[in-house]
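# Secondary and tertiary structure notes
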Amino acid sequence: MRRAFGCSLAALLGTTALPALAADVASPDGRTVVTLDVDGDGVPFYRVTRDGEALIAESDLGFIFTDAEPMRRNFQVETETRASHDDTWEQPWGERRFVRDHHNELAITFREARETSKRALTVRMRVFDDGIGFRYEFPESTEMPVARIAEELTEFAIAPEAAEGGKAWWIPGGDFNRYEYLYNETPITGVSTAHTPMTVRLQDGTHLAFHEAALVDYSGMWLRRMEGSRFRASLAPSSRGAKVVREGAFTTPWRTIRISDGPAGLVESDIDLNLNEPNKLGDVSWVEPGKYIGIWWGMISNKWTWASGDRHGATTERAKQYIDFAAEHGFRGVLVEGWNIGWDGNWFGNGRDYSFTQAYPDFDLKEVTDYARKKGVRLIGHHETGGNIKVYEEQLADAMKLYGELGVDWVKTGYVADAGGVISCNADIADPCEDDTEIFEWHDGQRQVQHHLRVVEEAAKNHVAVNPHEPVKDTGLRRTYPNWVAREGARGQEYNAWGAFSNGPDHEPTLVYTRLLSGPMDYTPGVLGLVGDQNYPIASTLAKQLGLYLAIYSPIQMAADFVESLAAHPKELEFIKAVPADWSESHLIDGAVGDYAIFARKDRNSQDWYVGGVNDATERTLELDFDFLEEGQAYTAKVWKDGPEATYLTEKRHDIAYDTVTVRKGDSYTVRLAPGGGLAIQLQPN
Ligand code: NOJ
Ligand code: CA
């Protein structure tokens, strides 16, 4: 019984039961069918079947408000419109050049049938072969000119018969460390409140991922398990009580469920991108993918400091040394953190002292950018805010202008603060700051969602691309704003500097099927020394550091280690120099959620293919098929693989082996992945 009442509320209230007009919409291949309707109480709901079997059981749709009656029951179906769509669009950069958007759409407008209230709510449902997406559309309304949303009531009820024996991979939503957690692997009934994407594998092998697309001017959605396998949206809070405040007509983000027979379909699905608006920035040829090094691992592993003093990392001299290395080895950029004033106080979580335009005395920004330009290298800017968006927004226009003028065309931003610790002065970006009052917001609340877009738009004006750390989750907005190139938004490599085996061996093969579904991640691979602070060992073989470039996609890929350590590994550096950060095709050719992931990706600018990926703690032997290669063409395959004794558990993590073979389409290659191991192969046409 889905409802608390044993009979319809309409009947209890003595009103006439509302008509139920079921409307179905199927995916282009006919396998997934969604029903949108109202139940006997006039509660709007959807349900999903796959191959005729229940997949998502009747799941409620609706809202509660802080100052208006809930939109929950007493709705009738007013109108119904249908559409079909099939086109292919081109990405300026990405995992693949062309993306097909093929779906059927059903939009139903529900209207309240109450004496006191006649508000309308449209639900637009799009059904693809690889999943579904739906959003709410609020029309302009005299009854409720401003929607103050206390909570969204959207449910995701995995059908109990389908959920039985299923597993979920998830991190907590709303906990203090945002989304920088190791993933839990539990029965579906073991989930509490999950950040999204949340990935589920059903016993029959069906893979699902729950997420959202086009998160604009709204709060991020977590998933709260209500009971059994039934989840409900839980929006990130706001300082103003209502979690979302919107005036006039507006649409919510899309709620998405990827649906696939196996892991490859999940990973290769583009439904979240397809549900975003096309590029709004016009010519974005100035957004160039590439690779970078940085004055970074030294601070992360506590050898240097961001703050001024004897161990200050960002000196003019060191920046030039890194620029020289970048120029010699073809890296596009050099990230320099701690160049600007403000790190000497309590930068962690208050950010009140930052200047985004003034450098420390031992760092000459102009001299360094001039030097970089001469060498054909870009300085990569850094704006750590400590979560203080009040201070940052005050300086934003000047800060971006400065970078634009100096040719600093990528900026890494940062919002280091505990969840709920983002400092603002106004609950809405449109409200001016009136005094020095500080209010506190969430990293994924509506105010911060607004903030990120403001930064991205300001950056775009100056032809700067943005890579936020401690960001809001990715919801595919890179399609609309292609200068939003990457972000962190998960537990990155940095944690490996802070404890032995801090990111366990299964972390990256889990990220591939969870966090990475949402979009590019600045994971910062390439710590070839395999140690962090205090020589903490990393749960990775040397080959796995290379495999990360194929497993974890980003158009900006770091080689995160000290330059001395990169130079000490010339053969591995050769791979890092060669591997592209922009692809025309990407396929998961082997893998299982949380266990391992091997990709084949084709360079966007040549006929070269790259194959590789990452393994968890279980040693395994794979037979890789090269079916993706061009018929009749021979390729030279250069292989970087785990050595015979390699294991992440001992010093043998450095054991790497090399191989060169000739392969053709139809050939296969047998390779052992060590515990905590990985693989990288470059295939070039002969
Ligand atoms: C945390 C980021 O993830 C890291 O990359 C950065 O170096 C520090 N914050 C300082 O901004
Ligand atoms: Ca971080």
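Every value quoted in this text rests on a predicted model; they were computed, and no experiment measured them.

## Comments concerning the domain arrangement of the protein chain
Under the domain assignment, the protein chain is made up of domain 1 (18–274), domain 2 (278–415 + 445–489) and domain 3 (502–524 + 542–686). For domain 2 versus domain 3, the distance between C-alpha centres works out to 28 Å. Listed per partner, the contact involves 29 residues of domain 2 and 28 residues of domain 3. Here domain 2 packs against domain 3, burying approximately 2500 Å² in sum over the two surfaces, 63% of which is carbon and sulfur. Of all residues in domain 2, K291, Y292 and F325 give up the largest surface area on contact with domain 3, accounting jointly for 23% of the area buried on that side. On the surface where domain 2 and domain 3 come into contact, there are zero salt bridges. At the boundary of domain 2 with domain 3, the tally comes to 17 residue pairs in polar contact (both at pLDDT 80 or more).

## With respect to the site of ligand 1
Among the 14 residues in the neighbourhood of ligand 1, the closest are listed as W296, E337, E384, K412 and E494. Between ligand 1 and the protein, one listed contact pairs an oxygen atom with a side-chain N or O atom of E488 at 2.9 Å. Relative to its unbound accessible area of 300 Å², ligand 1 is 96% covered by the protein chains. Among the detected pockets, ligand 1 sits in the largest pocket.

## Re the packing of aromatic side chains
A complete count under the given rule lists 32 aromatic pairs for this structure. Relative to Y181, the ring of F176 lies with its centre 6.5 Å away and its plane at 90°, an arrangement referred to as edge-to-face. Y181 gets classed as buried once you look at its relative accessible area, which sits at 14%. Relative to W498, the ring of Y495 has its centre 4.9 Å away and its plane inclined at 65°; by these criteria the two rings are edge-to-face. The class for W498 is partly exposed, based on a relative accessible area of 42%. An aromatic cluster is defined as three or more aromatic residues linked by ring pairs; in this entry it consists of W306, W343, W347, F348, Y354, F356 and Y392. The residue whose ring lies beneath K320 is Y371, and the NZ or CZ to ring-centre distance is 5.2 Å.

## Notes on the nonpolar core
Counting residues in hydrophobic clusters, the biggest one holds 149 residues, and the most contacted among them are Y46, I132, F210, I293 and F575. If you tally residues by element for this core, the top one is helix 8 (residues 389–406), at nine residues. Core analysis: the next-biggest nonpolar cluster, separate from the first, contains 24 residues, L511, Y513, Y523 and A597 among them.

## Some details on the coordination of the calcium ion (ligand 2)
Perfect tetrahedral coordination of a metal by four donors corresponds to 109.5 degrees between them, and perfect octahedral coordination by six donors corresponds to 90 or 180 degrees. Looking at the metal site, the calcium ion (ligand 2) is ligated by E180 (OE), E470 (OE), E488 (OE), E488 (OE) and E494 (OE), spaced 2.3 to 2.7 Å from it. Its six donor atoms give the calcium ion (ligand 2) angles of 52 to 161° at the centre, a pattern that matches the irregular case. Positions of the donor residues of the calcium ion (ligand 2) along the chain correspond to the pattern E-x289-E-x17-E-x5-E. Taken together, the residues E180 in the loop between strand 12 (167–170) and strand 13 (184–187) and E488 in the loop between strand 28 (465–469) and helix 10 (507–511) connect sequence positions 308 residues apart. In terms of burial, E180 and E488 fall into one category: buried.

## Observations regarding the environment of P520
Following the sequence through the fold, P520 ends up in the loop between helix 11 (515–518) and helix 12 (542–551). Sequence separation between P520 and R178 is 342 residues; the distance between their C-alpha atoms is 18 Å. When neighbours within four sequence positions are excluded, P520 is seen to be in contact with W93, D474, R478, V485, A486, R487, R515, Y553, S554 and P555.

## Brief notes about empty space enclosed by the protein
Under the defined criterion, the tally for this structure stands at five cavities of 30 Å³ or more. Its boundaries defined by the atoms lining it, the largest cavity holds a volume of some 230 Å³. In this structure, the largest cavity is lined by 21 residues; those nearest its centre are E95, V267, R478, L516 and L517. When the residues that make up the lining of the largest cavity are grouped by side-chain class, the tally is nine nonpolar, four polar and eight charged. Each of domain 1 (18–274) and domain 3 (502–524 + 542–686) contributes no fewer than three residues to the lining of the largest cavity. Here the second largest cavity is characterised by a volume of approximately 90 Å³. Taken together, 15 residues form the lining of the second largest cavity, with H195, T196, K473, G489 and R515 sitting closest to its centre. Taken together, the residues of the lining of the second largest cavity break down into six nonpolar, four polar and five charged. Both domains that furnish three or more residues to the lining of the second largest cavity are identified here as domain 1 (18–274) and domain 2 (278–415 + 445–489).

## As for the sheet that holds strand 28
Sheet architecture is open: six strands sit in the order 28-25-24-23-22-29, paired in parallel fashion. At either margin of the open sheet sits one strand with a lone partner, and together these are strand 28 and strand 29 (556–558). Taken over all neighbouring pairs, the strand axes of this sheet differ in orientation by 30° on average, direction set aside. In this sheet, strand 28 lies alongside strand 25 (residues 410–414) in parallel orientation, the contact comprising five bridges. Paired with W410 across the two strands is A465, which belongs to strand 28.

Cut-off values and rules
- Residues numbered from 1 in each chain as written.
- Chains lettered and ligands numbered in written order.
- Predicted model: local features only at pLDDT ≥ 70, side-chain atom pairs only at ≥ 80, totals over all residues.
- Heavy atoms only, no water.
- Domains from an automatic or database assignment.
- Contact = heavy atoms within 4.5 Å.
- Buried area = accessible area lost by both parts, 1.4 Å probe.
- Salt bridge = Lys/Arg side-chain N within 4 Å of Asp/Glu carboxyl O.
- Polar contact = N/O pair within 3.5 Å; in protein donor to acceptor, adjacent residues only side chain to side chain.
- Near = heavy atom within 4 Å.
- Areas by Shrake-Rupley, 256 points an atom, 1.4 Å probe, with all protein chains shown as cover.
- 1 Å grid on protein atoms, 1.4 Å probe; cavity = no way out; pocket = protein on both sides within 12 Å on 5 of 7 lines; lining within 4 Å.
- Sits in = over half its atoms within 2 Å of the grid points.
- Phe/Tyr/Trp six-rings, centres within 6.5 Å; stacked < 30°, edge-to-face > 60°.
- Buried < 20%, exposed > 50% of the residue type's maximum accessible area, 1.4 Å probe, protein only.
- Lys NZ or Arg CZ within 6 Å of the ring centre and 35° of its normal.
- Core = buried A, V, L, I, M, F, W, Y, C linked by side-chain atoms within 4.5 Å.
- Helix = DSSP H or I, 4+ residues; strand = E, 2+ residues; numbered from the N terminus.
- Donors = N, O, S within 2.8 Å, 3.2 Å for Na, K, Ca; no water.
- Tetrahedral: all angles 85-135°; square planar, octahedral: opposite > 155°, others 65-115°.
- Points joined across faces, edges and corners; volume = space filled by probe spheres on them.
- Nonpolar A, V, L, I, M, F, W, Y, C, P; charged D, E, K, R; others polar.
- Pairing = 2+ DSSP bridges.
- Axes fitted to C-alpha atoms, helices over the stretch in contact; angles between N-to-C directions.

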